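If you want the building blocks of each chain, they are given just below.
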Amino acid sequence: MTHTIAVAGKGGVGKTTVCGMLIDHLIRAGKGPLLVVDADANSNLNEVLGVEVETTLGAIREEMAQAEKQGASIPAGMTKADYAEFRFNSALVEEDDFDMLVMGRTQGKGCYCFVNGVLKSQLDKYIGAYKYMVVDNEAGMEHIARGTLPHVDTLLLVSDASRRGVQAVGRIAQMVDELALKPGKLGLIVNRAPGGVLSDGVKAEIEAQGLTLLGVLPQDDAVYEADCDGRPSSKLPPDSPMKTALSQIIKSLDL
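Chemist: Please provide a residue-by-residue account of the overall build of the protein, values included.
Modeler: Tallying secondary structure elements over the protein gives 10 helices and 8 strands in all. The globule rule puts the C-alpha radius of gyration for 255 residues at 18 Å, and the 19 Å found for the protein is close to it. Per-residue burial for the protein yields a buried fraction of 47% across its 255 residues. Within the protein, counting contacts between residues at least 6 apart in sequence, those at least 24 apart form 78% of the total. Total accessible area computed for the protein in this model is approximately 12,400 Å², and 49% of it derives from carbon and sulfur atoms.

Structure below.
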């Protein structure tokens, strides 16, 4: 059975960086093969991982829609469904230790329902071939709530070291409960804590939100420098402060 790990939290808290480092840890621990899914419309997980992505499901969908408007023909010997399947298959990026699928977004106005449906069909097809699927979610819980993702075994909520950040993930946790999603494990990771220490106010807010604190990641200047230089932050040395702290959290989760 594939173990599904979903990472969620509001934008700007370092959610994607945490997701990338989690993926790197699992690879180093020999937990592959992994299916990595960037399900955030504002996709940049590939940059954290140092992977070049040539296309996304959303981009393919838009290209096909425009071609259809212009009356472009489908290659001889293929049905429309066969051609769509062929094109969507091309979105899978194959690396040595993991494969990656990027949802992307539609252009301009419009509903994401179609591309969400495409993502679900692709995941249903691929997931059984992997030990782990790691999903970088959008700021909310749309993919989980709509059933785009399969059952989530481990749900990691990421916040920065602020009361507002904790309140935001508290609302996500409440939504999880209201929708009776029942992930196997659910907990909070606080990122970018100065010196790796939480203030009393943030601790109080975590308790008030009823959240289980899995661990605290320190503010790591090396992550900032990697981002500024255009280097993949997931490739920082294993003894970097953020990676060291995250490694302990992952071990506690028995992933």
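Chemist: I'd love a proper account of the sheet that holds strand 2 (residues 34-38), names of residues and values included.
Modeler: Sheet strands line up and pair through hydrogen bonds in the backbone, either parallel or antiparallel. Ordered by their spatial adjacency, 8 strands build an open sheet running 3-4-2-5-1-6-7-8, and the pairing between neighbours is mixed. The sheet is open, and its two edges are formed by strand 3 (93-94) and strand 8 (213-218), each paired on a single side. Across 4 bridges, strand 1 (residues 3-8) lies against strand 6 (residues 154-160) in parallel orientation. Across the sheet, the residue bridging to A6 is L155, located in strand 6.

Chemist: For the pairing of strand 4 (residues 98-102), give the residues involved together with the corresponding values.
Modeler: Along strand 4, 5 of the 5 residues are buried, which leaves the element largely enclosed by surrounding structure. Covered by surrounding structure in strand 4 are F98, M100 and V102 together with D99 and L101, the residues of both alternating faces. Relative to strand 4, strand 3 runs antiparallel, the two being bridged by 2 bridges. Bridge pairing links E94 to D99 in strand 4. Linkage of strand 3 to strand 4, two consecutive antiparallel strands, is achieved through a turn of 3 residues.

Chemist: I'd like to hear about the pattern of salt bridges, residue by residue, with values.
Modeler: Throughout the structure, instances matching the rule amount to 10 salt bridges. In this structure, D24 and K243 form a salt bridge, with 2.6 Å as the shortest nitrogen-oxygen distance. One end of the pair, D24, is in helix 1 (residues 15-28); the other, K243, is in helix 10 (residues 241-253), with 219 residues separating them in the sequence. By sharing partners, the salt bridges in this structure join D24, R28 and K243 into a single network.

Chemist: Explain helix 7 (residues 163-178) to me, using residue names and the numbers behind them.
Modeler: In this model, helix 7 (16 residues) spans 22 Å end to end at C-alpha, consistent with the 22 Å of a helix rising 1.5 Å per residue. Buried-residue contacts for helix 7 involve strand 6, strand 7 (185-193) and helix 8 (200-208). One or two steps after helix 7, the chain reaches A180, where phi turns positive at roughly 55 degrees.

Chemist: Now, about the environment of V216: what can you tell me, with residues and values included?
Modeler: Along the chain, V216 falls in strand 8. A sequence separation of 31 residues divides V216 from S247, and the C-alpha atoms of the two residues are 11 Å apart. The residues touching V216, leaving out its near neighbours within four places in the chain, are V190, A193, G196, L198, A245 and I249.

Chemist: Break down the packing of helix 1 against helix 10 for me, citing the residues and quoting the values.
Modeler: Packed helices, taken two at a time, are described by the angle between their axes plus the distance between the axes. For the pair helix 1 and helix 10, the least separation of the axes is 10 Å and the interaxial angle reads 70 degrees. Here helix 10 runs roughly perpendicular to helix 1, going by the angle between their axes. In this structure, the crossing between helix 1 and helix 10 has a hand that is right-handed. On helix 10, the residues touching T17, V18, M21, L22, D24, H25 and R28 of helix 1 are M242, K243, L246, S247 and I250.

Chemist: Account for the side chain of D160, with residues named and values stated.
Modeler: With respect to the helices and strands, D160 occurs in strand 6. Separated by 2.6 Å, the side chains of D160 and S162 make a polar contact. Contacts of D160, omitting those with residues within four sequence positions, involve V13, G165, V166, V190 and N191.

Chemist: Quick one: what's the story with a nonpolar patch on the surface, residue by residue and with numbers?
Modeler: Residues I74, M78 and F86 make up a contiguous nonpolar surface patch of about 260 Å² in total accessible area. Relative to the helices and strands, I74 resides in the loop between helix 3 (57-69) and helix 4 (80-89).

Chemist: Give me the environment of V115: which residues, what numbers.
Modeler: Its place among the elements puts V115 in helix 5 (residues 113-126). Residue class for V115 comes out buried when judged on its relative accessible area of 0%. When the C-alpha positions of V115 and G104 are compared, they lie 8.4 Å apart, and in sequence the two are 11 residues distant. Sequence-distant contacts of V115, defined by excluding residues within four places in its chain, comprise L57, G58 and M103.

Parameters and conventions
- Residues numbered from 1 in each chain as written.
- Predicted model: local features only at pLDDT ≥ 70, side-chain atom pairs only at ≥ 80, totals over all residues.
- Heavy atoms only, no water.
- Helix = DSSP H or I, 4+ residues; strand = E, 2+ residues; numbered from the N terminus.
- Rg over C-alpha atoms; globule rule 2.2 N^0.38 Å.
- Buried < 20%, exposed > 50% of the residue type's maximum accessible area, 1.4 Å probe, protein only.
- Contact = heavy atoms within 4.5 Å.
- Areas by Shrake-Rupley, 256 points an atom, 1.4 Å probe, with all protein chains shown as cover.
- Pairing = 2+ DSSP bridges.
- Salt bridge = Lys/Arg side-chain N within 4 Å of Asp/Glu carboxyl O.
- Expected span 1.5 Å × (residues − 1).
- Axes fitted to C-alpha atoms, helices over the stretch in contact; angles between N-to-C directions.
- Parallel < 35°, antiparallel > 145°, perpendicular 65-115°, else oblique.
- Left-handed = near helix turned anticlockwise from the far one by under 90°.
- Polar contact = N/O pair within 3.5 Å; in protein donor to acceptor, adjacent residues only side chain to side chain.
- Patch = residues over 30% accessible without salt bridge, like charges linked within 9 Å, V, L, I, M, F, W, Y side chains within 5 Å.

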